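# Chain and residue survey
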Amino acid sequence: MMTASPGSLADRTLRLLRHPVLRRLAQAFFVAFLLMVFAFLLIRLIPGDPAMILLGDEATEEDVIAYRKLLGIDGSIPSQFGRYVSNLARGDFGVSIRSREQVLSIVQKRLPISLWLTVTTIFMTVLLALPLGVAAALYRRTWFGHAFQIGASVLVATPVFFSGLVLILLFAVQANLAPIAGYHAGFPANLYYLWLPALTINFVLVPVLARILQSSIVETSSEEFVEAAIIRGTQGWRFYWRYLLRPSLAPTIAALGYFAATVVSYAVIIEIIFNLPGIGMTLVDAVRNRDYPLVQGIVFLSGLLVVGLTFMADLVNGWLDPRAKIR
Amino acid sequence: MSEIKPLLEVKDLCISFRKGGGRKLPVVDAANLSLNRRKAVGIVGESGSGKTMLCRALIGTLPRHGAGIVSGTVRFDGQELAGAPERVWRGIRGREIGYIPQSSLAGLNPVLTVETQLVESITAAGSLSRQQARQEAVALLEQVQIPRAQQVLQARSHQLSGGMRQRVMIAAAIAQAPKLLIADEPTTALDVTIQREILSLITQLRQELNMALILVSHDLAVIEESCDDVMVMYAGASVEAGPVAALSNAPRHPYTRALRVSRVDRAAPGQDLEAIPGDAASVGSWPAGCRFWPRCALADEDCRRDPQPALMPAAQQLSACIHAERLSELEQ
């Protein structure tokens, strides 16, 4: 029996390739490739190399050259890059110059801590920003709206190293609700160590996200379909969720994907303040030591994570808002 | 025979925008409207005459636009709606009064399917199961003459044409079989061929469901076709009201007459159209006295004095013009 075929195989393949999700995925791969190149080049832009730093000021030119060969960072930049890419292709991220430990195993040890910090932070961000943004939109003409506006500006302008110390004083030293510093692995015990660092980052993220949400809800509420829904008699949670919140979420979710990325960079400062042995702290040490393989590995792998998170935010958006899908 | 109580009676309604510092900007004053059950009244007037604000007052969404009722009464089915709290409006919107908003091309939520939005309107009234509500939604779409109702039910706003969207909006408005349907310029955003279809659909539904209708338009021809009565608004006030035939054959207000003679469909070929001289009085700069006097050939000293009367009986209709009987002078 004949079945109607929607075009030839080539046609169907072409249509599949044009699918927005696939296109977005291809973009993600391209970004990952650029990331790999940047990770390689950036660290080499900094003056000084690991051989010089390890051998100290008294080392002779010959010693430095010999040591470079030993570390595998000899030869021209292109030839180094070739080796780096072909090793990466085999899943080999190299060995840390300082500790002689596999880069991958260092990342595997340190990244989970930063990941837990990121997840906790984002979870708290959503939990705090969502109700705050909605309330700020609904009550924007009352005292609450004005207080929110001022409070948000003040919090965003406060640097995290300052708010972090204040929070430690308040919650760890005075109230004894959190440890002053340190970390112990294992969920849910680790939350005890993470909630204060996460709150510190949220002092910056929550006001920004709540404001994004507030302004998109305000914008949505002047849309005709909102009044049309009121006129039809739509009320209660249906009205708030379907007509105000859901059509307003797209910018907030996009921002959330981007925020997940910035948490990784906040982590550098936060992990130092709270003495969390995460990837941020490791990265700072690695840069200081010009530990080429370690820096490359951390930048590339945590970058991949960010690319993955933004990709996921896009998918969620496409599901929530069909307008985003057709663009 | 006992006097029939009108379904809707608007008396001397005044609406103002609230500006900062307690100042007010009037947009409607002295709006008067009376509508019996199953009858259709048209509201005609230029943009800025307060037609849409009057309609919003009838559905209780003025505060959303920073406006409110200052004085006057709105009696609907024995209930006073002017100044009614939200609780009362919840029982009115959709159930008692259906509303097709102006340029409702953007009236559907772009992230939801037609089904979600229709089912919502249907279930708002009673306790229907999801399956029953779905069947009801299909029936509604068929009632507004949408072909392939099942498919349209799954569609979202951007997948539908303007005419289709308007039909869906109408379906949502009549979902709970309201006693009164308000259509605020239901065809302005559509193309001409579809305008006609939508208007005849509204008329047909009105008869099927025994609804009263308020049809707002700036086009007198549209109203003459589908309404029993007409109310003419100028600069926030009702200037003439009465049966459609009376107003179109023997208007008793210079503005109504001007609207009539400026109509394209009444002009003879080759003849210049008679435009209304001057500009429409805009909100915030209404003249003292009768608002129409700067554009009126009959205007004299009496017309520029405040206060001017509200609607008074004149022939078969009501007119706010103090020179209503001199209108025939204009025909020369």
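Notes on the structure follow. (Residues numbered from 1 in each chain as written. Chains lettered and ligands numbered in written order. Predicted model: local features only at pLDDT ≥ 70, side-chain atom pairs only at ≥ 80, totals over all residues.)

### Overview of the overall build of chain B
In terms of helices and strands, chain B carries ten helices and twelve strands. Against the compact-globule benchmark of 20 Å for 332 residues, chain B has a radius of gyration of 21 Å, which places it among compact chains. Across the 332 residues of chain B, 46% fall into the buried class. A fraction of 64% describes how many contacts in chain B between residues 6 or more apart in sequence connect residues 24 or more apart. (Helix = DSSP H or I, 4+ residues; strand = E, 2+ residues; numbered from the N terminus. Rg over C-alpha atoms; globule rule 2.2 N^0.38 Å. Buried ≥ 20, exposed ≤ 12 C-beta atoms within 10 Å, placed from the backbone. Contact = placed C-beta atoms within 7 Å.)

### Quick look at the sheet that holds strand β4 (residues 67-76) of chain B
All names here are of chain B. The strand order β2-β1-β4-β5 describes an open sheet built from four strands, whose pairing is antiparallel. What marks the edges here is a single partner per strand, and that holds for β2 (24-35) and β5 (79-80). Relative to β5, β4 is paired through two bridges, and the arrangement is antiparallel. Residue R75 lies in a different strand from β5, and its bridge partner there is E80. (Pairing = 2+ DSSP bridges.)

### Notes on the sheet that holds strand β11 (residues 312-314) of chain B
Residue and element names in this part refer to chain B. If you trace the eight strands from one edge of the open sheet to the other, you get β6-β7-β8-β3-β9-β10-β12-β11, paired in mixed fashion. Bordering the open sheet on either side are β6 (97-100) and β11, each of which pairs with just one other strand. Averaged over neighbouring strand pairs, the angle between their axes works out to 20° when direction is ignored. Helix α10 (residues 254-261) contacts β3 (40-44), β9 (229-234) and β10 (237-243) of the sheet and is inclined by roughly 105° relative to β9. (Axes fitted to C-alpha atoms, helices over the stretch in contact; angles between N-to-C directions.)

### With respect to the environment of A260 of chain A
Residues and elements named next belong to chain A. Mapping A260 onto the fold places it in helix α12 (residues 249-273). Spatially, the C-alpha atoms of A260 and D63 are 44 Å apart, while their sequence positions differ by 197 residues. In this view, A260 contacts T118, I122, V306 and L309; residues no more than four positions away in its chain are not counted.

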